[in-house]
Amino acid sequence: YIAPEAMVMFVAHCRDMKELSMVERCLLHMDCSLMDFDSILTLLKKNSLYTGLLHVYSSGLDDYVSPLEILFDAIFESVDESEGIHAERRSDGAPKSKFEEYGYKALLYLKYCFEGKSFPKGSALAPEERVQTLRQELFTFLLTETASPPRPTANMPHRPVSRG
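What counts and what doesn't
- Residues numbered from 1 in each chain as written.
- Predicted model: local features only at pLDDT ≥ 70, side-chain atom pairs only at ≥ 80, totals over all residues.
- Heavy atoms only, no water.
- Helix = DSSP H or I, 4+ residues; strand = E, 2+ residues; numbered from the N terminus.
- Buried < 20%, exposed > 50% of the residue type's maximum accessible area, 1.4 Å probe, protein only.
- Contact = heavy atoms within 4.5 Å.
- Patch = residues over 30% accessible without salt bridge, like charges linked within 9 Å, V, L, I, M, F, W, Y side chains within 5 Å.
- Areas by Shrake-Rupley, 256 points an atom, 1.4 Å probe, with all protein chains shown as cover.
- Salt bridge = Lys/Arg side-chain N within 4 Å of Asp/Glu carboxyl O.
- Lys, Arg positive; Asp, Glu negative; His and termini not counted.
- Charge placed at Lys NZ, Arg CZ, Asp CG, Glu CD.
- Axes fitted to C-alpha atoms, helices over the stretch in contact; angles between N-to-C directions.
- Parallel < 35°, antiparallel > 145°, perpendicular 65-115°, else oblique.
- Left-handed = near helix turned anticlockwise from the far one by under 90°.

### Focus on the side chain of His-55
Then comes step 1: Its place among the elements puts His-55 in helix H4 (residues 50-61).
Then comes step 2: Overall, the relative accessible area of 5% leaves His-55 in the buried class.
Then comes step 3: Leaving out residues up to four positions away in the same chain, His-55 has contacts with Leu-27, Leu-28, Cys-32, Gly-60, Phe-119, Pro-120 and Lys-121.

### Digging into a nonpolar patch on the surface
Then comes step 1: Where nonpolar side chains cluster on the molecular surface, the patch consists of Phe-139, Leu-142 and Leu-143 and spans about 290 Å² of accessible area.
Then comes step 2: Relative to the elements of secondary structure, Phe-139 occurs in helix H7 (residues 128-143).
Then comes step 3: With relative accessibility at 43%, the residue Phe-139 sits in the partly exposed group.

### Re a negative patch on the surface
Then comes step 1: A cluster of acidic residues, Glu-69, Asp-73, Glu-77 and Glu-81, forms a negative patch at the surface.
Then comes step 2: Residue class for Glu-77 comes out partly exposed when judged on its relative accessible area of 43%.

### Some thoughts on the pattern of salt bridges
Then comes step 1: Following the criterion strictly, the structure yields 5 salt bridges and no others.
Then comes step 2: Linking Arg-130 and Asp-62 is a salt bridge whose minimum nitrogen-to-oxygen distance equals 3.0 Å. With Arg-130 in helix H7 and Asp-62 in the loop between H4 and helix H5 (66-81), this residue pair connects regions lying 68 residues apart in the sequence.
Then comes step 3: Exposure remark for Asp-62: the relative accessible area of 42% places this residue in the partly exposed category.
Then comes step 4: A salt bridge links Lys-98 to Glu-101, with the shortest nitrogen-to-oxygen separation between them at 3.7 Å. Here Glu-101 and Lys-98 lie together in helix H6 (residues 98-114), a separation of 3 residues that amounts to about one turn.
Then comes step 5: Through salt bridges with shared partners, one network takes in Asp-62, Arg-130 and Glu-137.

### Observations concerning the environment of Phe-119
Then comes step 1: With respect to the element layout, Phe-119 can be found in the loop between H6 and H7.
Then comes step 2: With 11 residues separating them along the chain, Phe-119 and Leu-108 place their C-alpha atoms 8.4 Å apart.
Then comes step 3: Residue contacts for Phe-119: discarding those within four places in its chain leaves Thr-51, Leu-54, His-55, Ser-58, Lys-105, Leu-108, Tyr-109 and Tyr-112.

### Observations concerning the packing of helix H1 (residues 4-16) against helix H3 (residues 37-46)
Then comes step 1: In the contact formed by H1 and H3, the axes pass within 10 Å of each other and the chain directions differ by 15°. Comparing their axes, H3 and H1 come out roughly parallel. Every pair of crossing elements has a handedness; the one defined by H1 and H3 is right-handed. Contacts between H1 and H3 involve Pro-4, Met-7, Val-8 and Val-11 from the first element and Ser-39, Ile-40 and Leu-43 from the second.

Spelled out as structure tokens, the structure:
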């Protein structure tokens, strides 16, 4: 167990060193069931550490949908902050913008979940019954129309989606 105050100091130190990814790498090796979820999730979200956020929610809280909702919010917000969703691709294939980075992370997370693997480690989820309910939860989330559409922006104008 790491006290919330110690985690805040660790994150601040990593931020000062411009090494926030170190926080995520450390979290992946910790027992998520022993964490103060409120403080760690707030720190992860505030610092846009979405790999850690996905890991803590899924491993520590057995919640696979809530972190995806948070990541989708970040994806939509990143469109406003980027040069647009149609920006020139990098020659090395690495994400050029937050939109690409977060979108890729969401797709990879979904891939792992549907394959019955933990994210980001890729170890098998157990029991198999949980994998089946997880898939149903994700399909329901992805196919439900109750979510509010993102607000229109210059980069992503609102266009009604017709379902027929």
